[in-house]
Amino acid sequence: MTVQKPIQRALISVFFKDGLAPIVEKLHANNVEILSTGGTLAFISDMGIPVTAVEDVTAFPEILGGRVKTLHPAIFGGILNRRDFAPDQAHMQAHGLASIDLVIVDLYPFEQTVASGATHEDIIEKIDIGGISLIRAAAKNYNDVVIIPSVKQYAQLAEILDAQGAQTTLEQRHTFAAEAFHVSSHYDTMIHQYFMSQESAYLKISEEKQSPLRYGENPHQKGVFFGDLDALFTKLHGKELSYNNLLDVDAAVRLMQEFKTDGPTFAILKHNNACGLATRPTLKEAYEAALEADPVSAFGGILIANDEIDMATAALVNELFCEVLIAPSYKEDALELLQSKKNRIILIQHDVALPQTLVRSALNGYLVQDADLATESAENLEVKTKLAPSAQEVEDLLFANKLVKHTKSNTIILAKNGQLLASGTGQTSRVDALKQAIHKAKSFGFDLNGAAMASDAFFPFPDCVEIAHLEGINAVIQPGGSVKDELSITYCDENQMKMVFTGVRHFKH
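Residues numbered from 1 in each chain as written. Predicted model: local features only at pLDDT ≥ 70, side-chain atom pairs only at ≥ 80, totals over all residues. Heavy atoms only, no water.

### Here's the deal with the overall build of the protein
The helix and strand tally for the protein stands at 19 helices and 23 strands. In summary, the protein has a C-alpha radius of gyration of 31 Å against a globular reference of 23 Å for 509 residues, an excess of more than 25%. The principal-axis extents of the C-alpha atoms in the protein amount to approximately 100 × 55 × 45 Å. Counting over 509 residues, the protein shows a buried share of 46%. (Helix = DSSP H or I, 4+ residues; strand = E, 2+ residues; numbered from the N terminus. Rg over C-alpha atoms; globule rule 2.2 N^0.38 Å. Buried < 20%, exposed > 50% of the residue type's maximum accessible area, 1.4 Å probe, protein only.)

Right, here's the structure in full:
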């Protein structure tokens, strides 16, 4: 039979009073003595329920503007004493102390205060001292004490009080203690992140919001997303996002950031890589041009636009099976049509900043790096050949360079007139990536004459520019930096090609 321990004396001291009244009423109905402080004391007293001020127990008033309220042996001795340990009980008796069996406490809203843009002084005042100490003390002594560390546990406590009266089992107290240590750990992590710069020598991550996924990358793997998707998207329709969906959506959102302020742009992604992308005078035309690049891979892909989806665009999109559609907004009639497909996930993307630090597990640890936020402009280009690219060629080179940054290495991007013609992705050699891109472009009927070529890293040999030239590609953008750069430059000069260096490599693994 499970042993239950009684709750005879409770300490309640909370910042937020929401949902507290029913708990107080249930404790009072079970003849539990209640201790409290400050605003919580007034709240309970106004309910007409007997309550004892902590300062009457400690014989010491609140000081320092409320910074010190509960930090006293009469409180912490009451919480930390081990009921079945004779020396502890001898100390309790010698000092006239009484046990506290239940602690209900929450913490100053530090995280919310930081997010509000408050002053440093206001933020510092929201670092809780007494509350965090009470949580840790009660959780440590879970063998004898119940700890309720936030309003999230009120419902569970209420169920116990209704079903068992003022009694709890060891298993229940252990569960509450585990929640309490999570609360304290998360709170300390948020404080650490506020105090430390990005050059911190420590990695601390704590995210409370989570979304269980149907499975991970494959059905036999478990998967969970930690984060606040609701802040980034409003889901209008469709099934739940999967693990693979989320990886593709992340790639799509980061790619479209490059074209956020450009004209109407549409992108289609598959397995984290763009298989189509175009910028055109209208979104409908942008979608048509994006789909042209690879209508085969587009099946089951992730679609994203930088402008409102209108009916003309929606009518074309609706002909394609796609997993997810993302846009800043939708015309009412367009949305109604798009919702005709039961499982199609339709998202509105909000203007929320993405993390500027990337973290991934590797071996028995983690790799941390800055996000690749470098986007080159015409001013960053260094012309290395005798011939300089035309204004249109510069546009195409920069367009291709944005895409190469978001494509798996080794990669080559071929583009012309604001349209992705083809990409070679994830190849073990740059020559293979180029050959793959050329094959794809030709297989879908594109004329490569006058196309621009972008590479994520330098050319160690002139073979890539030689192959490109034979296909009619006459403008090249690359980081440069090879000890044999001159070989590629010389070939371009001898064959009336134009080449620019950016000085910035864009590997993506």
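### Considerations on the layout of surface pockets
What the second largest pocket holds in volume is close to 490 Å³. Around the second largest pocket sit 27 residues that line it, and G66, R67, K69, Y108 and D128 are the ones nearest its centre. Looking at the lining of the second largest pocket, the elements that each hand over two or more residues are α2 (38-46), α7 (120-125) and α8 (130-140). For the lining of the second largest pocket, a count of residues per class yields eleven nonpolar, ten polar and six charged. (1 Å grid on protein atoms, 1.4 Å probe; cavity = no way out; pocket = protein on both sides within 12 Å on 5 of 7 lines; lining within 4 Å. Points joined across faces, edges and corners; volume = space filled by probe spheres on them. Nonpolar A, V, L, I, M, F, W, Y, C, P; charged D, E, K, R; others polar.)

### Describing the pairing of strand β15 (residues 345-349)
By the criterion of burial, β15 is predominantly enclosed, with four of the five residues buried. When strand β10 (residues 233-237) meets β15, the two strands line up antiparallel, connected through four bridges. Across the sheet, K235 pairs through a bridge with L347, a residue of β15. Taken together, the four bridges between strand β14 (residues 322-327) and β15 define a ladder with parallel strand orientation. Bridge pairing in β15 places L325 opposite I346. (Pairing = 2+ DSSP bridges.)

### As for the pattern of salt bridges
Scanning the model with the defined rule gives 19 salt bridges in all. Residue E393 pairs with K498 through a salt bridge whose shortest N-O separation is 3.1 Å. With E393 in helix α16 (residues 391-405) and K498 in strand β23 (residues 498-501), the pair connects residues that are 105 residues apart, well separated along the chain. Look at E393 and you get buried, because its relative accessible area is 11%. Using a relative accessible area of 15% as the deciding quantity, one classes K498 as buried. (Salt bridge = Lys/Arg side-chain N within 4 Å of Asp/Glu carboxyl O.)

### Topic: the nonpolar core
One recurring pattern in soluble globular proteins: nonpolar side chains tend to sit buried together. Counting 49 residues, the largest nonpolar core has L27, I79, V103, I104 and I147 as its most contacted members. Counting residues per element, this core draws most heavily on helix α10 (residues 170-195), at seven residues. Here L27 is in contact with A10, I12, V32, I34, L102, I104 and L161, once residues within four sequence places are set aside. I302, L381, F399 and A400 belong to the second largest nonpolar core, which has 39 residues in total. (Core = buried A, V, L, I, M, F, W, Y, C linked by side-chain atoms within 4.5 Å. Contact = heavy atoms within 4.5 Å.)

### So, the packing of aromatic side chains
Under the definition given, this model contains eight aromatic pairs. With centroids separated by 4.9 Å and ring planes inclined at 75°, the aromatic side chains of F15 and F16 adopt a geometry described as edge-to-face. Geometrically, the ring pair formed by F266 and Y287 is edge-to-face, given 5.0 Å between the ring centres and 70° between the ring planes. Here the residue F266 occupies a position in strand β11 (residues 265-270), and Y287 occupies one in helix α13 (residues 283-293), the gap between them amounting to 21 residues. Its relative accessible area of 1% is what places Y287 among the buried residues. One aromatic cluster is present, built from ring pairs that chain together F110, Y187, Y194 and F195. Taking NZ or CZ as reference, R214 lies 6.0 Å from the ring centre of Y215, over its face. Across from the ring centre of F259, 4.8 Å away, lies the NZ or CZ of K402, which sits over that ring. (Phe/Tyr/Trp six-rings, centres within 6.5 Å; stacked < 30°, edge-to-face > 60°. Lys NZ or Arg CZ within 6 Å of the ring centre and 35° of its normal.)

### With respect to unusual backbone geometry
Excluding glycine, residues mostly carry a negative phi; peptide bonds, for their part, are mostly trans. The omega angle of the peptide bond from S409 to N410 is -10°, so this bond is cis rather than trans. In this fold, N410 is placed in the loop between α16 and β19 (412-416). Positioned with a positive phi, N31 is a non-glycine residue whose angle comes to about 60°. In this structure, N31 sits in the loop between α1 (20-29) and β3 (33-36). In this structure, H271 takes a positive phi of about 50° despite not being glycine. As for its position among the elements, H271 is in the loop between β11 and β12 (273-279).

### Considering the packing of α1 against helix α9 (residues 154-164)
In contact at an axis separation of 10 Å, α1 and α9 are set at 25° when each is read in the N-to-C sense. One element, α1, and the other, α9, form an angle in the roughly parallel class. Considering the relative orientation of α1 and α9, their crossing is left-handed. Counting all contacts with α1, which are made through L20, I23, K26 and L27, the residues of α9 involved are Y154, L157, A158, L161 and D162. Within the contact of α1 with α9, the residues separate by chemical class into seven nonpolar, no polar and two charged. (Axes fitted to C-alpha atoms, helices over the stretch in contact; angles between N-to-C directions. Parallel < 35°, antiparallel > 145°, perpendicular 65-115°, else oblique. Left-handed = near helix turned anticlockwise from the far one by under 90°.)

The analysis is restricted to geometry; functional conclusions fall outside its scope.
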